[in-house]
Each structure stands twice: as structure tokens, then as C-alpha cells.
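Chain by chain, the residues run as shown.
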Amino acid sequence: MKVVDQCLEGFSIKYPLERVCPLEEALFVDIETTGFTARSSALYLIGCAYHGENGWHVRQWMAEKPTEQKDLLVSFYEFSQDHRFFIQFNGNTFDLPYLTQKCAQLELPYRFDSHAGIDLYRKIFPYKDFLQLPKLKQKSMETFLGINREDRYDGGELIAFYQDYVIHPKEETLSILLLHNEEDIKGMLEILPMLAYDDAFQAPLASKRVQANHYVDENGQCQTELLIYAELPVSVPKPVLTSADRCYAKLEGSELTLRVPLFEEELKYFYPNYKEYYYLPSEDLALHKSVSSYVMKEHREPATARNCYTRKQSSFLQEWSPIFTPCFQRNYESSELFFELTDEMKKNREAFASYASHVLQHIAAPNRN
């Protein structure tokens, strides 16, 4: 078994890792195998990155022959006990289960349940469409961020290199195998800023400024929209501009800008307990029975769910789940929900911050048609 250590002098990450886990307890892990299942393939390389004295370090364990897999696992397991968090790319699905299964196959009493698995792939996957990433591979994220690799192979191509190395060990082949794993590990460190997009959705936003904007649309109609400026918890590494349902979002640096339609019209609020109301056809509204008993019987009728409403002319914002109440609709069949933009809300920064998060979540909703 070969163990390779190196210090990444001058290397720094561009994301506050403390938002995920304590820096000294993080271990970035990547494995190389000759197949997808532990029972029918060999584990030939484990690489990791960790923060220690003088900065970031990379350590690699190489099984120069399949018979050294057990030694490789023992050494790695002992080393990993100083770290509580495994950070990987798709590791919760592949790497960790593979390591556990390989330990069982080799009759090693090791499990990795005590390590919290942080999967970069899983954290970014919900925003795949939002970021316009057709393929969510690590190399795709590296390309998105403008990160260049010296390594030119993928894991599948390296299986033949390893099999050749076992029979004909050459330094050139070894360098190719180690370089691929090293750049996978360093790549994970370099794509950490992608987590800033997850932070934008998961962490509270801070509303900075809100203003109305009037414009003429492509049909020559005057429209009004609300511009919401909010501060992101962490700067995003690359600007993103996207939209859905006439709502537009721009993330750039540490600032979020939202453009949201402002609807100035008459909408209806439907009372939920319609059996307690009368509907007044002449006034086209419903009144509670406790206050409508004075109305002559010929001018009132028992309300139904469809006509048990009151009408209001005001300024409204759309919402896609009832985060602000009361909720208004255009008609009973409509699935669109709105809430009134009151004078009180106009002065409430926390409310606008909540609404900004709500709109952003809607724009980036997975599986949007």
C-alpha cells in the first residue's frame, strides 16, 4: 500500500465552511473503485482533504494490488476518527455505502455511522434547473465556476489504467491515477461556493429596499411591479437571472433583486364556514347571519361555498401557499392566491424578507413545467 501526503500551500477555499461544520472536523473524501458494487469490484484508492497545520492537506491511500484493500481501509478508518464530518460528492449514495459494504466483505468491524455525511450533490440538486445546469456532475459544477483541470480522464476510464498498473506498475500510470483522485478532492473544495445558492434558499434573507415600478408591456398595457432588494447570507459565486410566472430573480454577489407583479384590481375573500352566512344577490356579497338577519328574506339566500365571499378593490401580491392571510382569489375555481399589500406591510421589512424568500422558492421550485 502506498500513502501519499501533500500540503496545498497557499490554497484557500472561497466559502465559509463553518456554515456547514467546524473546519477542523471536516474530511473531504473521494474513492476510486473498479466497479459500482463492493462485492464484485476492488477499492483501489481513497483520497481525502483536511484542514490542519499550515492549511489544507491531501492524503491518498493507494492499494497497489487488490490484496491491499484491507490495509487501505484499516489505515483510512483510523485516520478518519479525528473527523466527525465526511464531505463528499454523491457520497451518501455511493462512497459511504461502498466503504461500509467493503468493510463487511473483508470482515472488518468498521462502520461510518458516527460520521455525518454532507453530500454536495444533494445540496445543489434542488437548484439544477434554477442554475441551468443540464448535468449535475462535479465536473459540470467546476466548468460552471470556471475551474480548469489538468486531469483529462473520468473514473470509468481509469479502471483499465489501474488494472494495467497492478500487472505493470509504472510511475506514469500511478501519477495518472493519483492526479484524478487529487483533482476530484481539490475540486470539491473549489466548488464549495456553490453552497451559497443553497444558503440563499435555506437561510433568512434581509430586506433592504422595496419600491414600485411602472412600465408598459409588450401589448402596450401599463403594468405595475414591485422591486424587492434583499441581502443574501453569503455571496454567490456567479450571477444568476431566472424567472417564473412573471416573477424575475437576479442573484449577484450578496444581493437579490426580485421583480414581482403588483395586481391592482378587485378580488374576493371566501369565508370558509359558508353555512353561517347569507348571500345578498343585489350586493353580490355574503354577510354573517348574526348581522344579516335584518335583511328581508326575499333579498337574501343561504350562502354556498361558491358565493360566500366579500369583495375588495386594492393592491395585491400573488402567493403560492398561504403565507400571508387573508388569502384572496379571483373566483371560486381559481387556484391563484393573493394577499393585500397594506400600508402596514409596506413598513414591515421582515414581512418583505419572508415574501422574498417565498417568491425565490417558487421560481426555483423543482420539476417546474
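A few points on the structure. (Residues numbered from 1 in each chain as written. Predicted model: local features only at pLDDT ≥ 70, side-chain atom pairs only at ≥ 80, totals over all residues. Heavy atoms only, no water.)

**As for the sheet that holds strand 17 (residues 337–340)**
Stated precisely, the cut-off is as follows: Strands pair, by our definition, only if DSSP identifies at least two bridges between them. Counting from the N terminus, the helices are the DSSP runs of H or I reaching at least four residues and the strands are the DSSP runs of E reaching at least two. Axis definition: a line fit to C-alpha positions, over the contact stretch in the case of helices; interaxial angles, taken between N-to-C directions, run 0 to 180 degrees.
Judged by pairing direction, the sheet is antiparallel, and its 3 strands sit side by side in the order 12-16-17 without closing on themselves. With partners counted over all chains shown, the strands left at the sheet margins are strand 12 (263–270) and strand 17, one partner each. Taken over all neighbouring pairs, the strand axes of this sheet differ in orientation by 70° on average, direction set aside. Sheet topology note: the strand 12/strand 16 (residues 309–319) ladder contains 8 bridges and is antiparallel. Across the sheet, residue Tyr-269 finds its bridge partner in strand 16, namely Thr-310.

**A short note on the nonpolar core**
Defined as follows: In this description, a nonpolar core means a group of buried Ala, Val, Leu, Ile, Met, Phe, Trp, Tyr and Cys residues linked to one another through side-chain atoms lying within 4.5 Å. Exposure is judged per residue with a 1.4 Å probe applied to protein chains only, and the accessible area is read against the type maximum: over 50% gives exposed, under 20% gives buried, and values in between give partly exposed. Here a residue-residue contact requires only that any non-hydrogen atoms of the pair lie within 4.5 Å.
If you look at the biggest cluster of nonpolar residues, it comprises 66 residues, and the most contacted ones within it are Phe-28, Phe-130 and Leu-131. A total of 7 residues in this core trace back to one element, the largest contributor, which is helix 10 (residues 349–363). Residues within four places of Leu-131 in sequence aside, it is in contact with Ile-124, Phe-144, Met-194, Tyr-197 and Val-240. Ranked by size, the runner-up nonpolar core spans 33 residues in total, among them Leu-45, Met-62, Leu-72 and Leu-99.

**A few points about the packing of aromatic side chains**
For any pair of aromatic rings, the description rests on two quantities: the centre-to-centre distance and the angle between the ring planes. How we decide: Only Phe, Tyr and Trp rings take part, Trp by its six-membered ring, and two of them pair if their centres are within 6.5 Å. Stacked means planes under 30 degrees apart, edge-to-face means over 60, and tilted covers everything else. Put simply, a charge is over a ring when the Lys NZ or the Arg CZ is close to the ring centre, within 6 Å, and near the line of the ring normal, within 35 degrees.
Scanning the model with the defined rule gives 29 aromatic pairs in all. Ring centres 6.4 Å apart and planes at 75° place the aromatic pair Phe-36 and Phe-94 in the edge-to-face group. In this pair, Phe-36 sits in the loop between strand 2 (26–33) and strand 3 (43–52) while Phe-94 sits in the loop between strand 5 (85–88) and helix 2 (95–105), placing the two residues 58 residues apart along the sequence. What makes Phe-94 partly exposed here is its relative accessible area of 22%. With a centroid separation of 4.2 Å and 10° between ring planes, the pair formed by Tyr-44 and Tyr-162 is classed as stacked. Of this pair, Tyr-44 sits in strand 3 while Tyr-162 sits in helix 5 (residues 155–167), and the two are 118 residues apart along the sequence. What links up through ring pairs into an aromatic cluster is the set Tyr-50, Trp-61, Phe-76, Tyr-77, Phe-79, Phe-86, Tyr-110 and Phe-112. Its end group placed over the ring of Tyr-229, Arg-209 keeps NZ or CZ at 4.1 Å from the ring centre. Directly above the aromatic system of Tyr-248 lies the positively charged group of Arg-259, at a separation of 4.6 Å from the ring centroid.

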